[in-house]
Amino acid sequence: TPRVFSGIQPTNHLQLGNYLGAVKRFVDMQNSGIETLYCIVDLHAITVWQDPADLTRATRELAAGYLASGLDPAKSILFNQARVPEHVQLAWVFNCVARMGWLNRMTQFKDKAGKNREAASVGLFTYPSLMAADILAYHATKVPVGEDQKQHLELTRDIAIKFNNDYGVDFFPVTEPVIEGVATRVMSLRDGSKKMSKSDPSDMSRINLTDDADTIAKKFRKAKTDPEPLPETLDGLADRPEARNLVNIYAALGDSTADAVIAEFGGRSFSDFKPRLADLAVEKLSPLSSEMSRLMQDPAEIDRVLEGGAERARAIAAPILKRTYEIVGMVT
Ligand code: AQP
């Protein structure tokens, strides 16, 4: 039976791209009845500097975001990565399987390290080995993610295949990314060529799940667009990335399609469309943000959920790590 694993970093606040590209898919997969594990990848977060108090807050806030979005600890295993040491232990083995050349090709490392690679943390470079360990510690085969994670998932497959070849075993499964829907790559509201991101220096570039109704309306009103009205057909969006992004966001929020949005709004101006988009976003997101703030009032309860999830996660990961060590030849 397939097992699903995915994770999000507890940095800053959950943004609309994380929600539409990842969390909403997590909920769908949970409700389809397969075994699902959803992690808060705090160890990944510290590959770039995080203020300790902010990291603690963001971890609980992300847990609250998971719960408010419909993840249910009775159905999914919800936990934070640091509580399950098998991730790091397996990542070490994978660091010895992965090749420098493979990691050197990772575009996320190049983007996040920027020009001064010498100053990037070693953790940022080996991030994909830890991610492979997150997934393979559970022999998970399906990983719901946004488009930007495709390359890391290919690396996860390469690591599994090389491990199996090197040791002559058929132990780690080949994982499949699940990249589905209209919102697999939500773009920045300020620049249609950049993905929406928690860490973009401009808060106006993204919708945070913690934004209030006025802020959401203001961000959509100020979102960058071209002066033309919305096209009458989908083809007309081809070289209009900002317009396409807003249409896709509207479709994803309303569980509809870009086609249907164009059928409704084709020929209308952005001054008509943007307030409608803001209304839909507020309608869909404000119940989430109020539930998140309610849950955040009881951090002890959130911690209990994460602790219970970690115990269940360890019960799966520990025997897989033990078997890995045996395959490698460790005396355990
Ligand atoms: N813009 C996006 N559109 C669709 N999906 C997205 N994801 C991120 N941005 C978009 C998906 O959200 C999941 C969690 O991402 P992450 O926190 O592990 O790291 P990230 O991909 O680097 O996301 P951010 O928001 O850009 O965070 P920072 O700024 O901290 O690096 C993944 O499934 C991702 O695909």
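Here we summarise the structure given alongside this text. Predicted model only: the values in this text are computed from it and were never measured.

Moving on: the site of the ligand. Around the ligand there are 21 residues in total, and Gly17, Gly21, Gly146, Ser197 and Ser199 lie nearest to it. Per-element tally for the shell around the ligand: the top contributor is helix α1 (residues 16-31), with 4 residues.

Time to look at the pairing of strand β2 (residues 35-40). Across the 6 residues of β2, 5 count as buried, placing the element largely inside the fold. When strand β1 (residues 3-8) meets β2, the two strands line up parallel, connected through 6 bridges. By the bridge assignment for β2, serine 6 is matched with tyrosine 38. On the question of chirality, the crossover connecting β1 to the parallel β2 by way of α1 is right-handed. Strand direction decides the pairing type here: β2 and strand β3 (residues 76-80), joined by 5 bridges, are parallel. If you follow tyrosine 38 over to β3, its bridge partner there is leucine 78.

Here the focus is helix α12 (residues 270-296). Relative to the 39 Å expected for 27 residues at 1.5 Å per residue, α12 spans 36 Å between its end C-alpha atoms, a close match to the ideal helical length. For α12, the principal kink sits at leucine 285 and spans about 35°; a proline, proline 287, occurs within the next four residues. Those residues of α12 lying buried are Phe270, Phe273, Leu277, Ala278, Ala281, Leu285, Leu288, Ser289, Met292 and Leu295. Looking at the packing, one finds that the buried side of α12 touches α3 (52-69), α9 (213-221), α10 (241-253), α11 (258-265) and α13 (299-328).

Our focus in this paragraph is unusual backbone geometry. Of note in this structure, histidine 139 is not a glycine but carries a positive phi near 50°. Of note, aspartate 255 is a non-glycine position whose phi angle comes to about 50°, a positive value. In this structure, aspartate 255 sits in the loop between α10 and α11.

Turning next to the nonpolar core. Side chains of nonpolar character tend, in soluble globular proteins, to be buried together. In this structure, Leu37, Ala63, Phe94 and Ile249 are the most contacted members of the largest nonpolar core, which totals 95 residues. Ranked by residue count, the leading element in this core is α12, at 9 residues. In contact with alanine 63, not counting residues within four places along its chain, are Ile40, Leu78, Ile302, Val305 and Leu306.

Criteria and cut-off values
- Residues numbered from 1 in each chain as written.
- Predicted model: local features only at pLDDT ≥ 70, side-chain atom pairs only at ≥ 80, totals over all residues.
- Near = placed C-beta within 6 Å.
- Helix = DSSP H or I, 4+ residues; strand = E, 2+ residues; numbered from the N terminus.
- Buried ≥ 20, exposed ≤ 12 C-beta atoms within 10 Å, placed from the backbone.
- Pairing = 2+ DSSP bridges.
- Right-handed = clockwise from strand over helix to strand, strands pointing away.
- Expected span 1.5 Å × (residues − 1).
- Bend = angle between axes of the 7 residues up to and from the residue.
- Contact = placed C-beta atoms within 7 Å.
- Core = buried A, V, L, I, M, F, W, Y, C linked by C-beta atoms within 7 Å.

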